[in-house]
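Residues per chain are reported as follows:
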Amino acid sequence: MDFFKYRKNRLYCENVPVERIIKRTGTPVYIYSGRTVLTHWRRLRSAFAAAGNPLISYSLKANSNLALCKLLKRAGSAFEVVSGGELFRLIKIGVPGRRIIFGGVAKTADEIKLGLRHGVLMFNVETRDEIMLINRVAARLKKTASVALRLNPEVEPATHRYLTTGQKGNKFGFYLPDAERLMKEMLALKHISLVGLHMHIGSQIIRVSPYRTALKRVVKFLEKCRAFGHPIRWLDIGGGFGIYYHGHEARPARVFARALMPLIKKTGCRLIVEPGRFIVGNAGILVTRVLSVKKSGAKYFVICDAGMNTLLRPALYGAYHKIGPVTRRPGRTVLTADVVGPICESGDFFAKKRRLPAVKPGEYLAVFSAGAYGFTMSSTYNSRPRPAEILVNGSKYQIVRKSETYQDLIRLDRY
Ligand code: PLP
């Protein structure tokens, strides 16, 4: 569900007409519904409540805007970060370390130091080198680092191949035999305590069975770890819960929770889930202005002022996003068009062969379900400044990031 709806042919975000926002901000612009964010966070928390006080750790990579993070902090969220930069953001808004999990494929000594100094709850680790580095850095700081091993349970989650992270051949996590050798080796490390196990099998997953298969493997491994004397008390099952891009493909969180609960309870661990997309994906739209409508042979192109620099997902994964006019004009003919951006790349598109009302230059389109991996993956490619971000709360809205300027583009250049 979300709070973007048409009323009398005008698109609203909660109680604010989108037109009113763009009159002030211009386009392109990302618009987020705070109410949608909180609704999704609460749904997930209540879905997994039977696990007993689960830690719902919002994964910052989906959208790291500080105002959104603050909203979630106030709701009681924990957070998952994968870089020193993401951790810095949370430190800036006063999130205590005990509410932060520091994951990611590999970390530098400086990032580990920052994490240890801030007292993060634990590091999710996925290479032996990193474990040894954490041990050395913690020794220097006279601390013991809590860590969780990220396992690669080798399951096929049935999502886009770029969104799989827990199957054979992925760079992520430890295969179970490697994890077993390492877990034994870790008993000798003085500045590391193995307190958790972690899995994250991919993103935009709409089937429950891959989670269940993966979790069964993790739970079996957990018993082995305990038998070797590791005090495992955290079970982090990652994120990856799918949302709707087309219409109804998303499963309610309680479907995942119900299926996994017996396994979770069996461990006696405190549960962590790390959703990103599920919380913010349906909570954001990208609004773009039509610059030009071109007919090349029999084909129409709707050319917009936003492109792959603003929202990369279609170019990167061939991802589908619904697109609709900000103002519906009943009676308009419908055309089939490629909706594209102004960037000098053939991969620069939002939709191919899409049926759309015949929009005209100067009119606005909304690209839906753009709240996750939208702004965070944006760039200034072709020297186009990044757009503003707006957060709506009921009948009010706030600019939570200004649009960049040409001056911003060259601010760090030395010439
Ligand atoms: N946790 C880890 C380790 C991830 O790599 C990701 C995404 O890539 C997430 C959580 C969040 O995933 P999602 O946005 O699909 O919930």
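To be clear, the structure that these remarks concern was listed above.
All of the points below concern the structure found in this document.

As for the sheet that holds strand β11 (residues 234–236)
Spatially, β5-β6-β7-β8-β9-β10-β11-β12 is the arrangement adopted by the eight strands of the closed barrel, whose pairing is parallel. Geometrically, the sheet is characterised by an average inter-axis angle of 30° between neighbouring strands, direction not taken into account. Here three bridges tie strand β8 (residues 122–125) to strand β9 (residues 145–150), and the two strands are oriented parallel to one another. Residue pairing across strands places N124 opposite A148, the latter belonging to β9. Lying on the sheet, helix α6 (residues 128–140) is in contact with β8, β9 and β10 (192–198); it crosses β8 at an angle near 155°.

Brief notes about the pairing of strand β5 (residues 55–59)
Taken across its five residues, β5 has five buried, putting it largely inside the fold. By the alternation rule, side chains of β5 split into L55, S57 and S59 and I56 and Y58, which are all buried. Strand direction decides the pairing type here: β5 and strand β12 (residues 270–273), joined by two bridges, are parallel. Bridge pairing in β12 places L55 opposite I272. Bridge count for β5 against strand β6 (residues 78–81) is three bridges, and the pairing is parallel. Residue pairing in the sheet places Y58 in a bridge with F79 of β6. With helix α3 (residues 66–75) bridging β5 and its parallel neighbour β6, the resulting β-α-β unit is right-handed.

Quick word on the site of the ligand
Lining the immediate environment of the ligand, one finds 14 residues, of which S203, G240, E274, R277 and Y373 sit closest. Between an oxygen atom of the ligand and a main-chain N or O atom of G240, the distance comes to 2.8 Å. For the ligand, an oxygen atom lies 2.7 Å from a polar atom in the backbone of R277. Protein contact buries 91% of the 400 Å² of open area that the ligand shows by itself. For the shell around the ligand, the class distribution of residues is two nonpolar, seven polar and five charged.

A word on the packing of helix α5 (residues 109–118) against α6
Angle between the axes and distance between the axes: these two values describe a pair of packed helices. The contact between α5 and α6 brings their axes to 10 Å, and the two run at 55°. Relative to α6, the element α5 lies oblique. In this structure, α5 crosses over α6, and the sense of that crossing is right-handed. On the side of α5, the interface is formed by A109, I112, K113 and L116, while α6 contributes L133, I134, V137 and A138. Classifying every residue of the contact of α5 with α6 by side-chain character gives seven nonpolar, no polar and one charged.

Definitions and limits used
- Residues numbered from 1 in each chain as written.
- Predicted model: local features only at pLDDT ≥ 70, side-chain atom pairs only at ≥ 80, totals over all residues.
- Heavy atoms only, no water.
- Pairing = 2+ DSSP bridges.
- Helix = DSSP H or I, 4+ residues; strand = E, 2+ residues; numbered from the N terminus.
- Axes fitted to C-alpha atoms, helices over the stretch in contact; angles between N-to-C directions.
- Contact = heavy atoms within 4.5 Å.
- Buried < 20%, exposed > 50% of the residue type's maximum accessible area, 1.4 Å probe, protein only.
- Right-handed = clockwise from strand over helix to strand, strands pointing away.
- Near = heavy atom within 4 Å.
- Polar contact = N/O pair within 3.5 Å; in protein donor to acceptor, adjacent residues only side chain to side chain.
- Areas by Shrake-Rupley, 256 points an atom, 1.4 Å probe, with all protein chains shown as cover.
- Nonpolar A, V, L, I, M, F, W, Y, C, P; charged D, E, K, R; others polar.
- Parallel < 35°, antiparallel > 145°, perpendicular 65-115°, else oblique.
- Left-handed = near helix turned anticlockwise from the far one by under 90°.

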